Structure formats: C-alpha cells, structure tokens
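Examination of the molecular architecture
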Amino acid sequence: PPSDDPKAPKTEWYHTPRDKGPTWNEPFLATGAGRFLIEYGVPFFRRDRPDQVAGVVTIDFSLKDIRGLIARLDLGATGFGVVFTGKGTYLAHPDSRQVAKGSIFERPAGRTDTQMEDAARQALKGDKIGFDYKDPKSGEEAWIVFEPISSTGWALGLIMHKAEFAASPVANLRQIVTLALVLSLALLFAMGIVLRPEDGTARSWWRLTSGFSILAGSLIVLVWFLVWDLRMPRGTAVTSRVAVSRFLELHSNSLKRAEKCYVIPTGIEFDAIKFPDATTVVVSGHIWQRYPEGMPAEITRGFIFPQTADDTPSIQEVKRVKQAGEELIVWRFLAKLQQSFDPSHFPFDHRLASVRLLPAELTATIVLTPDFAGYPFLNPKALPGIDPEIHLNNWHLRRGYFNYQMLHSPTNLGMDIRAERPDTPTLHYVIDAQRNFLGPFIAYLVPAMVSAALTFFLLITGLEKASQKDLISGMSYAAGLLFIIVVAHSALRENIGAVGITYMEHMYIFLYFLVTMVIVNCYLVVRKPENVLVRTSGNLIPKLAFWPFFSGMMLLSTLWVFVYGG
C-alpha cells in the first residue's frame, strides 16, 4: 500500500487506478530511463466477475514530448506556456528545473498577490480564465490565459508579455497627433466662420492669422510633450529566469546537431558612463561570470567587447574563486564602444547604448545569460547594475536592462564546427539615456525666438515712408540679427557633433529665409513702393504672413521629424 515513508516503494501507479478508476498520476523521475515520466493507469476486470478488479495497465509518457509541443507555440520572444497537474505540479515549463518539481501554487519570493494561484485553481475546476497581470518585481505587464484540459484533469497556461504585442509607440503617437490635427483644423474653420475674413478688414485677418499661429504652436508643444515620454525599446527586456529559459529553449530547438551548450551566468556593474561624441560610449565597471565545475579546462573563460572603438579595451581579472560547485571570475573593465546614436531629434533625442557581450570561446557552444543571483531584481526602471552616483552632463538615465538579440555571423572563421551553427542569442545590456531639454531650450530656442520677434518688429516699424538712410540702417539691423542666428546655429552643431540636420536646426534655416525676405521687403518698400505686394493695405500681406509662415513651417517640420517621417 502507499506509504508516506520516503524510503517506501512508490506504488501509487497501481493503487490509484485500482481504487479510483482510469487516472493520471503525478510525474516522477524514472532512474532507469533517466527522464521524467507521467503515467496513465487503467484497471481491468475478471471475466467471470466483471465487478472485481483483476489488475492495472499503466502507460508511461515522457514529459519531453509535452514540453516540445508547448515550446512550439508562438507566444513572442519571452512568452511561454505551461502545463500543470491537478496538484499544480508542472509537466511543461521553459525552466527545466521546474518540471515535475515546481508547482504553480509555489509563490516566488517578492510576489504577494494570489491572483495567479486563484486563477489556476479555477482552471483546474473547469473554468476558462483570462486576466491582465503586472509582475511586482520587474514591472512588466502580461496577458495570462488558463484553459482546463478536461480529459486529464490538467490545465494549460499561456503567458504573453504585452510589450511584445502592443502597437508601435510611433503608431500610437500618429493616432493621437492625427486626431489633434483634425480637431485643430475644425477649430480653424470655426474661427473663419466667426471672424468673417471675407469682409477684408485688417482686424479680422490679424485675428485669423494669430489664431492659426497659436494653434500651430499648441500642436508643436503637444508633439514635444508626447515625444518626451516616447519609449523606443531596443529588443525585448529580459527580467526573469523564465524569459531566459524561453530563449535557451528556442535556441536548443534550432541546433542542427547534438552538441553540448554551456550556459554561463554573467553580470555587469557600471561605475562610470560617458558619451564623448555621437558615435561612441565609454563605460567602466566590473563583469563577473559563473562557470560550472565540470566545464572542460580547454574551453576559454572570459568575454569580449565586439563593439570596441579604440585599440584595446582594458580588461583585468581581479578575482577568481571556487564556490558552491562553480568557478566565479570577476574582471575590471574600461572600454570605448562604437554605437549608432541618432541626434536628428535634438533636443528630444535618446541614446540607447548597447553593451554587447560575446564569449571568448570560439568553438564550444556558449550562451551568456544574466546572473539573476547577482541582482536584487531586474526592473528596468530601477537601473540594475548601474551605480546610482553616476551623473551625466545634459543626460539622465531612464532605464537599464538585459536583452537578447540574434547575432548572425557572416563567416565561420574558418572553423567547420561553426559552419552549421544557427544564429545565437547574444546578451546585451542596454542603457537608455534621455537628454535634458531645458538647457538646449535656453541656449538655442530662446535666442532663435528672440531673433524671430526682433525680425518681425523690423517688418512692422513702418518703413513705408523711410529714406535711403533708414533703409541702410534697417538692413544693418537685419544683418546683426542674421549674425546672431549664425553664431547660435554654429554653436548648436558644434555642441552635438551632428552630421545631418537636426530638428532644432530647421528653426534656424527658416529664420535665415525670414530675415532675407524681410530685407527684400524693406528694399521694396523704400525703392519700389509701387510694387503690388507692398502697396496693398500698407504692406499688410508680409506682416500677416510672418508668424503663420514661421509657425506653420515649424509645425510641418515637427510632424515630419517626430510623427510621419519615420
């Protein structure tokens, strides 16, 4: 009979079907087969006495087949599926350590809610459950669905992270801005009906053009506000062991031949970060790796920075110790890494500095994973592994996270063993930094707007009756403004080291045009007063067009750079 004594024979496979009828038993490790199995038992009966059990027939199934079936589900890069028994024991889970040992009713450290366990119990009772879930440690939001498997008394769970299926941030931005444009256009038409500019009075036209300029300026500020909090993540953040197990599972299934894959937990700690220019990042700190005790000695320990922009990064081993069946190695590093930053959105640009880590070993299959034991938690907003004392001039750090990106090697480095190897998930640490826009606004936006206002004052000063001397004075005044604009523009380009044209430079380009047009207008007023453009209502047309042109062109520039041009 079944016994609670751990040394007693395990005979549940016989007694449960005999006493309760056809049933699935809990999974167990078959020492002979060396794999986890699950049994289905059916009693059979005597011919002469159909009501008397004559014995039990059991069939053993390998959990490997169930795991393989669930692994083929397309649930995103880090989404996964689980199957668990009526007692909550996992039959399929991306983390192999949980199979036949872990339970969905075991609450991980740091999680206090019972939402997951309650939903699992409902599914085991036969209910279909779907709900939104937010991980209290990582802050990630997910959709979770539980489906009962009535024929076995088990349940299937699917976990899909919202970030992988959500609409693109740019698509959401376009929807909001398009709606704002439609409402603004409707408001502009309403102003045209109320102000009745067809009457031809200067007051109605001034009000209409002022209204247009204010609407355009409001839309520009709205786009600035939306873009300021716009997140453009690089890859999928890896914040849990399950997500890593999912990547490893997909990689293992893609291998074309049987080969040992070594998983090396790797951690990184930054104590200094610097952006010297628009194409590099300088980082320093510590990197540590944990190597299993049985790993062959001929396999090279260590890592490389493939993005190195200088001759040789400084990597110095500072500690090597054996502990708990593993070898821990700690290095001190200083590296200047090549990046691809896009400053075209200045001053609303972000810098996603990606630190790529590759194993130093070239022949054996090695996959680096985040060392979860080395961090209290990996919530990207908590900047795991980044010294809180780090301060960057004109930048502030928003997020820090590990992620995987598939690395395609264009060659096999002349090694046959690498020829058929599929793309390998490569570990990155991404640093998300955002520029502080207040400083650039004061340094570059304010002088540009003051120059625009002074240019407008020159336009409306009444040169209609000016003399040749007044014309020369006005042109000298405009030339002084143009000099100020050129100096500010040059300082902007020198400060950010841009190769192309950045967003804020569009404003200076429009100012060049406006100042030139005002100079031409002054010349026409004094020397060509019979010109139709300047004699209409006392040079009214250029005055009315100044701010609508400037604000309208800046609005078009803003929409193209941030919303519709990407």
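So, a few notes on the structure that sits alongside this text. Residue numbering note: each chain is counted from 1, following its sequence as written. It should be noted that, the model being predicted, local features are given only for residues of pLDDT at least 70 and side-chain atom pairs only at 80 or more, the latter also being counted only at that level, while totals for whole chains, interfaces and linings use all residues. Side-chain metrics in this entry use all non-hydrogen atoms of the structure; hydrogen atoms and water are not considered.

1. A short note on the sheet that holds strand S6 (residues 90-92)
Within the open sheet, the 5 strands sit side by side as S6-S5-S9-S8-S7. Their pairing is antiparallel. Since the sheet does not close on itself, it has two edges, and those belong to S6 and strand S7 (129-134), each with one partner. Taking each pair of neighbouring strands and ignoring which way they run, the sheet shows an average axis angle of 30 degrees. Should DSSP find at least two bridges between two strands, the strands are regarded as paired. The numbering of helices and of strands both runs from the N terminus, where a helix is a DSSP run of H or I of at least 4 residues and a strand a run of E of at least 2. In this structure, strand S8 (residues 141-149) lies alongside strand S9 (residues 154-161), joined through 8 bridges in antiparallel fashion. Every angle, taken between N-to-C directions, lies between 0 and 180 degrees, and every axis is a line fitted to C-alpha atoms, over only the stretch in contact when it is a helix.

2. A closer look at the side chain of Asp371
Looking at where Asp371 falls in the secondary structure, it is placed in the loop between strand S17 (365-370) and strand S18 (395-407). Pairing of N or O atoms within 3.5 Å defines a polar contact, subject to two protein rules: one partner must be a possible hydrogen donor and the other a possible acceptor, and residues neighboring in sequence count only if both atoms are side-chain atoms. Here the side chain of Asp371 touches Trp288 through a polar contact of 2.6 Å, side chain to side chain. Contact definition: two residues touch when any of their heavy atoms are within 4.5 Å. Those residues within four positions of Asp371 in sequence are excluded, and the remaining contacts are Pro265, Thr266, Gly267, Trp288 and Arg290.

3. Some details on the sheet that holds strand S15 (residues 326-338)
Strand pairing in a sheet is mediated by backbone hydrogen bonds. Such pairs are either parallel or antiparallel. Taking strand neighbours across the sheet as the criterion, the 5 strands line up as S14-S15-S12-S11-S17 in an open arrangement whose pairing is mixed. The open sheet is flanked by strand S14 (314-323) and S17, the only strands paired with a single partner. Put simply, the sheet's adjacent strands are angled 25 degrees from each other on average, direction ignored. Pairing geometry for strand S11 (residues 261-277) and strand S12 (residues 280-292), over 9 bridges, is antiparallel. If you follow Ile273 over to S12, its bridge partner there is Val283.

4. Re the pattern of salt bridges
For this document, the term salt bridge refers to a Lys or Arg side-chain nitrogen within 4 Å of an Asp or Glu carboxyl oxygen. As enumerated under the stated definition, the model contains 15 salt bridges in all. Note that Arg121 and Asp118 form a salt bridge whose closest N and O atoms lie 4.0 Å from each other. Residue Arg121 and its partner Asp118 are both found in helix H3 (residues 115-124); the two are separated by 3 residues, about one turn of the helix. Taking the relative accessible area as the measure of exposure, Asp118 reaches 39% and is therefore partly exposed. One salt bridge connects Glu326 with Arg290, and the closest N-O pair in it is separated by 2.7 Å. Here Arg290 lies in strand S12 and Glu326 lies in strand S15, a separation of 36 residues in the sequence. You'll find Glu326 and Arg290 in the same group, each marked buried. Salt bridges here are not isolated pairs; linked through shared partners, they connect Arg301, Glu317, Arg320 and Glu327. With a 1.4 Å probe rolled over the protein chains alone, any residue whose accessible area is under 20% of its type maximum counts as buried; one over 50% counts as exposed, and the rest are partly exposed.

5. A short note on a nonpolar patch on the surface
Within this analysis, patches are made of residues with over 30% relative accessible area and no salt bridge. Like charges are joined at 9 Å or less; nonpolar side chains (Val, Leu, Ile, Met, Phe, Trp, Tyr) at 5 Å or less. Computed with a 1.4 Å probe, the accessible areas rest on the Shrake-Rupley method; for each residue, only the protein chains presented here act as cover. Together, Val446, Val450, Leu454, Phe457, Ile460 and Tyr477 line one region of the surface with nonpolar side chains, adding up to about 490 Å² of accessible area. Relative to the helices and strands, Phe457 resides in helix H8 (residues 438-459). Residue class for Phe457 comes out partly exposed when judged on its relative accessible area of 45%.

6. Section: helix H1 (residues 12-20)
Those residues of H1 lying buried are His15, Thr16 and Pro17. Buried positions along H1 lie against strand S1 (23-24), strand S3 (35-45) and strand S4 (53-62). Where H1 ends, the next residue or the one after it, Gly21, has phi of about 95 degrees, a positive value.

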